[in-house]
Amino acid sequence: ADGIVCHYGTVAVEYREAWDRIDAPLFVYFHGYDATFDLREQDGSGKPIHAFDYRDRILELSSRAIFIANSHFTRRNLIEAGVAPENVKVNYLGVVPRDQPGKRPSGRPKILYVGRFVDCKGPDIMIQAFNRLREQGCDAELIMVGDGPQWKKCQELAGKSPYAIDISLPGAEDHTALQKRFEEATVFSMHSMKGPMSGQEEAFGLAFLDAM
C-alpha cells in the first residue's frame, strides 16, 4: 500500500500493534471529540469517556503516524496534549456545492437545526430560543433533525413548550432528505459552545457548510 488513512484517533490506538506490522505510511484523521482528552459523559455524572491512558497512547502513536486535523482548533488540542506541531497537518472537511443557488422559501418561516443532539451544539437552548421568538410574535416553526444523547431531553422540552405543535424532532435523516430540509428552510440555526457536561467544543461543523 502507498499509505493508510485511519479515521478517528480512538480507532487508531486500538490497532497500534497492527500498524507496526505494515510497511506503509500511516495517517490518522482527527475529527474533534477524539482530540478532546477531558471528554465526559453527558448524563451529568462527569465520567470520563476516554480511557485513563488515552492521551499517552495518542502521544505514542504520533511517533509512528502523521496526524491530520479537521481544523486548527483540533490541531491546537493535539499540540497542547504534547504532539509535535510539525506532526499535525490541517485538512478541512467539505461538502458538495450546489450547481445553482437555492430559491428563497416563501410562506411561514421554517427554522432548521441539523446536527447531533449533544451539549456543545445546544439543542436544548435552541428550543428555549424558539419559545422566546414565538413570544415576541414571530409565527415560525422549528424542525430539529438528528439524534444523540440529548434527543430525549429535547423531546421532553418540546412537549412542554406552549408552541409544541410547531416543534418537530423527526430523528436522523439521510443526505437526500437533509438537502430537501435545507431547501425548504428559511433560517438555519445551531449553537456552538463548550458543552457544560461533556467539555466538548465544536471542532468543525459540516452542517454550517451545508446550510451556506
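Residues numbered from 1 in each chain as written. Predicted model: local features only at pLDDT ≥ 70, side-chain atom pairs only at ≥ 80, totals over all residues. Heavy atoms only, no water.

Asker: Quick question: what am I supposed to make of the packing of helix α5 (residues 123-135) against helix α6 (residues 151-160) here?
Answerer: When two helices pack together, their arrangement is given by the angle between the helix axes and the distance between those axes. At a minimum axis distance of 9 Å, the contact between α5 and α6 shows a crossing angle of 10°. By the criterion of interaxial angle, the relationship of α5 to α6 is roughly parallel. With respect to the hand of their crossing, α5 and α6 are arranged in right-handed fashion. Facing Pro123, Asp124 and Ile127 of α5, the residues of α6 in contact are Lys153, Cys154, Leu157 and Ala158. A per-class count over the contact of α5 with α6 returns five nonpolar, no polar and two charged. (Axes fitted to C-alpha atoms, helices over the stretch in contact; angles between N-to-C directions. Helix = DSSP H or I, 4+ residues; strand = E, 2+ residues; numbered from the N terminus. Parallel < 35°, antiparallel > 145°, perpendicular 65-115°, else oblique. Left-handed = near helix turned anticlockwise from the far one by under 90°. Contact = heavy atoms within 4.5 Å. Nonpolar A, V, L, I, M, F, W, Y, C, P; charged D, E, K, R; others polar.)

Asker: How do you make sense of the nonpolar core when you look at a structure like this?
Answerer: Nonpolar side chains in soluble globular proteins tend to end up buried together. Among the nonpolar cores identified, the biggest contains 21 residues, and Leu26, Val28, Phe30, Ile58, Leu61, Phe67 and Leu78 are the most heavily contacted of them. Within the residue set of this core, elements represented by two or more residues are β1 (4-7), β2 (26-30), α3 (54-61), β3 (65-69) and α4 (72-81). Beyond its immediate sequence surroundings of up to four residues, Val28 is in contact with Cys6, Tyr8, Gly9, Ala12, Leu61, Ala65, Ile66, Phe67 and Ile68. Membership of the second largest hydrophobic core comes to 16 residues, among which are Tyr113, Ala140, Tyr163 and Met190. (Core = buried A, V, L, I, M, F, W, Y, C linked by side-chain atoms within 4.5 Å. Buried < 20%, exposed > 50% of the residue type's maximum accessible area, 1.4 Å probe, protein only.)

Asker: What should I look at first to understand the sheet that holds β3 in this one?
Answerer: Consider a sheet: its strands pair through backbone hydrogen bonds, and that pairing is either parallel or antiparallel. With respect to topology, four strands assemble into an open sheet ordered β1-β2-β3-β4, the strand pairing being parallel. Each of the sheet's edge strands pairs with one partner strand only, and the pair in question is β1 and β4 (88-90). Between one strand axis and the next, the sheet turns through 30° on average, direction left out of account. Where β2 lies against β3, five bridges are found, and the strand directions are parallel. (Pairing = 2+ DSSP bridges.)

Asker: Which parts of the structure should I look at to understand the pairing of strand β5 (residues 110-114)?
Answerer: Successive side chains on a regular strand alternate, one facing one side of the sheet and the next facing the other. Here β5 lies mainly inside the structure; four of its five residues are buried. In this sheet, strand β6 (residues 141-145) lies alongside β5 in parallel orientation, the contact comprising five bridges. By the bridge assignment, Lys110 is partnered in β6 with Glu141. Handedness of the crossover joining β5 and β6 through α5: right-handed. Sheet analysis places β5 next to strand β8 (residues 187-188), joined by two bridges and oriented parallel. Its bridge partner lying in β8, Leu112 is registered against Phe188. (Right-handed = clockwise from strand over helix to strand, strands pointing away.)

Asker: Could you clarify how one ought to interpret the packing of aromatic side chains in this entry?
Answerer: Here a ring pair, both rings aromatic, is described through the centre-centre distance and the interplanar angle of the planes. A full pass over the atoms with the stated rule returns eight aromatic pairs. Centroid distance Phe37 to Tyr54: 5.7 Å. Interplanar angle 40°. Geometry classified as tilted. One end of the pair, Phe37, is in the loop between β2 and α3; the other, Tyr54, is in helix α3, with 17 residues separating them in the sequence. Owing to a relative accessible area of 17%, Phe37 belongs among the buried residues under this scheme. Taking relative accessible area as the criterion, Tyr54 reaches 4% and is therefore assigned buried. (Phe/Tyr/Trp six-rings, centres within 6.5 Å; stacked < 30°, edge-to-face > 60°.)

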